[in-house]
Amino acid sequence: QVQLVESGGGLVQSGGSLRLSCVASGSIMEFYAMGWYRRAPGKLRELVAAINKEDVPNYNDAVMGRFTISRDNAKNAVYLQMNSLKPEDTAVYYCNTISAQLTLGSWGQGTQVTVSS
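Residues numbered from 1 in each chain as written. Predicted model: local features only at pLDDT ≥ 70, side-chain atom pairs only at ≥ 80, totals over all residues. Heavy atoms only, no water.

A.B. asks: How should the nonpolar core be read in this particular structure?
C.D. replies: Most often, soluble globular proteins have nonpolar side chains that are buried together. Counting residues in hydrophobic clusters, the biggest one holds 28 residues, and the most contacted among them are W36, L80, M82 and Y93. Of all elements in the fold, only β3 (18–24), β4 (33–39), β5 (46–52), β7 (67–72), β8 (77–82), β9 (91–98) and β10 (111–116) reach the threshold of two or more residues within this core. The element contributing the most residues to this core is β3, with 4 residues. (Core = buried A, V, L, I, M, F, W, Y, C linked by side-chain atoms within 4.5 Å. Buried < 20%, exposed > 50% of the residue type's maximum accessible area, 1.4 Å probe, protein only. Helix = DSSP H or I, 4+ residues; strand = E, 2+ residues; numbered from the N terminus.)

As structure tokens, this is what we get:
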């Protein structure tokens, strides 16, 4: 099973930017899509953005226009560029694989993003 390692989180002021990276131990082309998810304190994990094999992205309405998802198949990596960050973006961010049946793989350790007001 593909292992995922997320990085790039940190503490940033409101309005700032961060770029998250996710590197897979195997080929990400095996999967229908790759997604970034987040779990804020006291809330359920939610999908932030996903990108399929054809590089077509989809975004949660809450991040539309601020976040950009991209992928580098040669590096088995997926990225999340986050701009204009808000305190409500504070969460642990995870990436995951998405199969054609829309099932998810194993979760990595995630990376903490904290946005101060």
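A.B. asks: Help me understand the side chain of T90 in this model?
C.D. replies: Tracing the sequence through the fold places T90 in the loop between β8 and β9. At 2.9 Å, the side chain of T90 forms a polar contact with the backbone oxygen of P87. There is a polar contact of 2.9 Å between the side chain of T90 and the backbone nitrogen of V115. Beyond its immediate chain neighbours, meaning those up to four positions away, T90 contacts A40, P41, Q112, V113, T114 and V115. (Polar contact = N/O pair within 3.5 Å; in protein donor to acceptor, adjacent residues only side chain to side chain. Contact = heavy atoms within 4.5 Å.)

A.B. asks: Which parts of the structure should I look at to understand the pattern of salt bridges?
C.D. replies: A side chain of one charge can pair with a side chain of the opposite charge if their charged atoms are brought near each other. Inspection of the entire model under this criterion finds 3 salt bridges. For the salt bridge of D89 with R38, the shortest nitrogen-to-oxygen distance reads 2.9 Å. With D89 in the loop between β8 and β9 and R38 in strand β4, this residue pair connects regions lying 51 residues apart in the sequence. With respect to burial, D89 and R38 carry one shared label: buried. Look at the salt bridges and you will find they share partners, linking R38, E46, R66 and D89 into a network. (Salt bridge = Lys/Arg side-chain N within 4 Å of Asp/Glu carboxyl O.)

A.B. asks: Got a minute to help me understand the environment of K43 in this structure?
C.D. replies: Here K43 lies in the loop between β4 and β5. Judged by relative accessible area, K43 falls into the exposed class, the value being 58%. Between the alpha carbons of K43 and N60 there is a distance of 15 Å; along the sequence they are 17 residues apart.

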